[in-house]
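Take a look at the letters that make up each chain.
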Amino acid sequence: MKQLLMGNEAIALGAVRAGVSVVTGYPGTPSSEILETVAKRCREVYAEWSVNEKSALETAAGAAMSGARVMVTMKQVGLNVASDPLMSLNYTGIVGGMVIVAADDPGPVSSQTEQDTRRFGKFAKLAVFDPSSPEEAYLMIADAFDLSEKIKRPVLFRPTTRVCHGYASVELLPPLDVKRDTRFQRNSRFVIFPKLAYESHVVIEKTLKELSTADYPRNTLEGAGTLGIATGGVSHAYVSEALGGQLNCKLLKVSAYPFPVGVAERFLEGLTDVLVIEELDPVIEEELLLLSAEKKINVNIHGKRSGEVKNAGEFAPSEIAVIVNKFLGKDTAEATAQAPSNLPIRPPVLCAGCPHRGSFLAVKEACKGINAVFCGDIGCYTLGNAKPLDMVDTCLCMGAGITMAAGIKRADESKTTFAFVGDSTFFHTGISGIINAVYNNADEIIVILDNSATAMTGGQPHPGLGLVANGSPTAKISIENIVQAIGVQHIVKANAFDLDEAVSAVKSVLDKQGVRVIIFSGECIAVSKRRGKCVIDNDKCVNCGLCVTKLGCPALTLSGKTPTLDETLCNGCGLCAYVCGKGAIACE
């Protein structure tokens, strides 16, 4: 049976076909739909949104040591959070297969970095699988489980954005015959000590060398001639499209790492020039340079290091067509003509009706005349940096706003420091930052933005909502109770849509010392019902434009000097009515 599947859905169903029984993860674009698909479509498989990637990997590690096949999902920056247990887990080893899906985000479309998981794999001494399409991802993840069980170590699976979010007609195959004994058996290798680490390191290096010379069917070599193109991942699809079915060169596709030196050496034989097309880092390119030097193969290698291929951002098929045609000595005019025309720039913005707009505006109003610094964090509320709000001065990584605000105050006592953190990020890595602040007598105001969702990645549940990944009820963990238990003395709560209440809440803690917490509550528009709509009374409106220039709400625009309100976008939050000093806006 064939189904039209998103790449992430294909990965999820491929894992289920391969016998996965435990799936854990933390939401992060472009990976989020993998775990969601398992939770919605495969109720017999245990699926868990963990509080962060470290917890997800450790939970899965316990199940894998018990013999279960497990999968952990995250985005590339989430792999940084999971790296502590992962590095050691490769040394202790596992019993059941463990596949860690770390989705890379070239562009980046919605990430802090453009890091390449293939680099991490080499650093952590892990095998890496790099699918080029949703169809291949569906089949390849079974290969990843098989290899993991064979070598008794975790492996990485690295889809990129266009593989994750692309759609394809995928043939769904019968489940594989995978029978597992999932009873935990005590084993001394599960307790890591220096002597064990040394012995395991020797085995890991031996295994990686063997894998680099083994023939994996999805590392392919086609064509003939004196020119060669080496590629992998979604870039292979772009190169194949550029070639148009006319393979008048050698074509190497690298689908798995450690780098396949055997097939690569056969690829280099007889070539004068090689073009390397890959996202993101020049991993294949550098491996070919090293191999050609070791084997004394005289070949010119063109790519990112030579400056002929860009070294940042994701590729478009049209630009790959130009590069490939130029390399092969073909006319590039046709390929250039296929490039899309310039599209209007659409900067990201807080949604109309977003409670974060009210929270930022309340802090901004309360802090007039105060020398303040506003530390942001990862989530929708990072968009508070955009004008006219202009309320985010720093943004580093999950949970860092809290600790950075404390550090800024240590260095510059003249500042009043604020840290904004979302509800999901609070549970992810915010709690430890608040503990650190209280323990070390920090002086800062922490603003927790509780919008009842992990909003930026699709509204997934978190511990504060009383729901688990499949929608079943569970214990609802109170943010306020946790903050109280940590020892914060000054805690205030306010409705993010009630500006008078919200401004008063901020002002009530400004003259206090130590760690102070403000909890602003207001549901994300993606999880709440429409609140209503706002209407502009043109007879009262004086065309001052303040409702537009102060809020930055996408539902409000200026037509000449006259404010207009798009009723299809308006959520009836009422912030514009609060801003309007003439009573010209009413909300129903």
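### Side note on the overall build of the chain
Counting its regular elements, the chain contains 20 helices and 23 strands. At 27 Å, the chain has a C-alpha radius of gyration in line with the 25 Å of a compact globule built from 588 residues. In terms of its C-alpha atoms, the chain occupies a principal-axis envelope of roughly 80 × 65 × 50 Å. Counting the 588 residues in the chain, one finds 54% classified as buried. A separation threshold of at least 6 residues defines the contact pool for the chain, and within that pool the share at least 24 residues apart is 76%.

### A word on the layout of surface pockets
Quantified by volume, the largest pocket comes out at close to 700 Å³. Lining the largest pocket are 40 residues, and of these Gln112, Ile378, Gly379, Met398 and Met456 sit closest to its centre. Elements supplying a minimum of two residues to the lining of the largest pocket: α4 (76-92) and α16 (423-439). When residues in the lining of the largest pocket are grouped by element, the largest group, 5 residues, is from α16. A class-by-class count of the residues in the lining of the largest pocket yields 18 nonpolar, 19 polar and 3 charged.

### Examining helix α11 (residues 283-294)
For the α-helix, the turn length of 3.6 residues means that residues three or four positions removed from each other point alike. Taking 1.5 Å of rise per residue, the 12 residues of α11 would be expected to cover 16 Å, and the 17 Å separating its terminal C-alpha atoms lies within 8% of that figure. When we look at burial in α11, the residues that qualify are Val283, Ile284, Glu285, Glu287, Leu288, Leu291 and Ser292. The inward-facing, buried residues of α11 abut α5 (117-124), β10 (227-231), β12 (256-257), α10 (261-268), β13 (273-277) and β14 (300-302). Once α11 ends, the next one or two residues include lysine 296, with phi positive near 55 degrees.

### Comments concerning the pattern of salt bridges
Applying the stated rule across the entire model yields 31 salt bridges. For glutamate 58, the salt bridge identified is with lysine 54, shortest N-O distance 2.6 Å. On the criterion of helical spacing, the pair formed by glutamate 58 and lysine 54 is a turn pair, its members being 4 residues apart in helix α3 (residues 53-65). On the basis of relative accessibility, which here comes to 35%, the residue glutamate 58 falls in the partly exposed class. On the basis of relative accessibility, which here comes to 32%, the residue lysine 54 falls in the partly exposed class. With a shortest N-O distance of 2.5 Å, glutamate 314 and arginine 162 are connected by a salt bridge. Within this pair, whereas glutamate 314 is found in the loop between β14 and α12 (317-327), its partner arginine 162 is found in helix α7 (residues 161-165), the two being separated by 152 residues in sequence. Judged by its relative accessible area of 17%, glutamate 314 is buried.

### Structural notes on the domain arrangement of the chain
Domain boundaries assigned for the chain yield domain 1 (2-213), domain 2 (220-327), domain 3 (355-528) and domain 4 (534-587). Relative placement of domain 2 and domain 4: their C-alpha centres are 55 Å apart.

### With respect to the state of the cysteines
One way to say it: the disulfide is the covalent bond shared by the sulfur atoms of two cysteines. On inspection of all chains with the given rule, the structure shows 1 disulfide. Paired by a disulfide, cysteine 534 and cysteine 587 hold their sulfur atoms 2.2 Å apart. What sets the handedness of the cysteine 534 and cysteine 587 disulfide is the S-S torsion sign, and at about 90 degrees it is right-handed. Of this pair, cysteine 534 sits in strand β20 (residues 534-536) while cysteine 587 sits in strand β23 (residues 585-587), and the two are 53 residues apart along the sequence.

### With respect to the side chain of threonine 37
Checked against the element boundaries, threonine 37 lands in helix α2 (residues 33-41). Looking at threonine 37, the relative accessible area reads 7%, which means it is buried. Residues in contact with threonine 37, not counting those within four places in the same chain, are Glu9, Ala12, Leu13 and Cys42.

### Concerning the nonpolar core
Formed by 73 residues in total, the largest nonpolar core has its most connected members in Val363, Phe418, Phe420, Ile448, Ile518, Phe520 and Leu556. Two domains each put at least three residues into this core: domain 3 (355-528) and domain 4 (534-587). Residues in contact with phenylalanine 418, not counting those within four places in the same chain, are Val363, Cys367, Ala372, Val373, Phe374, Cys375, Ala405, Ile445, Val447, Val506 and Leu510. Judged by nonpolar contacts, the second largest core, of 44 residues, contains Ala63, Ala68, Ile100 and Leu126.

### Comments concerning the sheet that holds strand β6 (residues 128-129)
Here 7 strands make up an open sheet; going across it, the order is β3-β2-β4-β5-β7-β6-β12 and the pairing mixed. Where the open sheet ends on each side, the last strands, each with one partner, are β3 (46-49) and β12. Relative to β12, β6 runs antiparallel, the two being bridged by 2 bridges. From the neighbouring strand, valine 128 faces β12, where its bridge partner is tyrosine 257. Where α2 meets the sheet, its contacts fall on β2 (22-25), β3, β4 (70-75) and β5 (98-103), and the angle it forms with β3 comes to roughly 135 degrees.

### Quick look at the side chain of aspartate 377
As for its position among the elements, aspartate 377 is in the loop between β15 (372-375) and α15 (400-411). Buried within the structure, aspartate 377 lacks any salt-bridge partner; lysine 75 is the closest side chain of opposite charge, at an N-O distance of 12 Å. Within the local environment of aspartate 377, its side chain forms a polar contact with the backbone nitrogen of alanine 400, the two atoms lying 3.5 Å apart. For aspartate 377, the residues in contact, after removing those within four places along its chain, are Thr382, Thr394, Cys395, Cys397, Met398, Gly399, Ala400, Gly401, Phe420, Val421 and Thr425.

### Quick notes on the packing of aromatic side chains
Under the criterion given, the structure shown has 7 aromatic pairs. Consider the rings of phenylalanine 426 and phenylalanine 427, whose centres lie 5.1 Å apart with planes at 80 degrees: the pair is edge-to-face. Assigned by exposure class, phenylalanine 426 and phenylalanine 427 land together as buried. By the ring-pair criterion, three or more aromatic residues cluster together here, those being Phe360, Phe374, Phe418 and Phe420.

Rules used in this analysis
Residues numbered from 1 in each chain as written. Predicted model: local features only at pLDDT ≥ 70, side-chain atom pairs only at ≥ 80, totals over all residues. Heavy atoms only, no water. Helix = DSSP H or I, 4+ residues; strand = E, 2+ residues; numbered from the N terminus. Rg over C-alpha atoms; globule rule 2.2 N^0.38 Å. Buried < 20%, exposed > 50% of the residue type's maximum accessible area, 1.4 Å probe, protein only. Contact = heavy atoms within 4.5 Å. 1 Å grid on protein atoms, 1.4 Å probe; cavity = no way out; pocket = protein on both sides within 12 Å on 5 of 7 lines; lining within 4 Å. Points joined across faces, edges and corners; volume = space filled by probe spheres on them. Nonpolar A, V, L, I, M, F, W, Y, C, P; charged D, E, K, R; others polar. Expected span 1.5 Å × (residues − 1). Salt bridge = Lys/Arg side-chain N within 4 Å of Asp/Glu carboxyl O. Domains from an automatic or database assignment. Disulfide = S-S within 2.5 Å. Core = buried A, V, L, I, M, F, W, Y, C linked by side-chain atoms within 4.5 Å. Pairing = 2+ DSSP bridges. Axes fitted to C-alpha atoms, helices over the stretch in contact; angles between N-to-C directions. Lys, Arg positive; Asp, Glu negative; His and termini not counted. Polar contact = N/O pair within 3.5 Å; in protein donor to acceptor, adjacent residues only side chain to side chain. Phe/Tyr/Trp six-rings, centres within 6.5 Å; stacked < 30°, edge-to-face > 60°.

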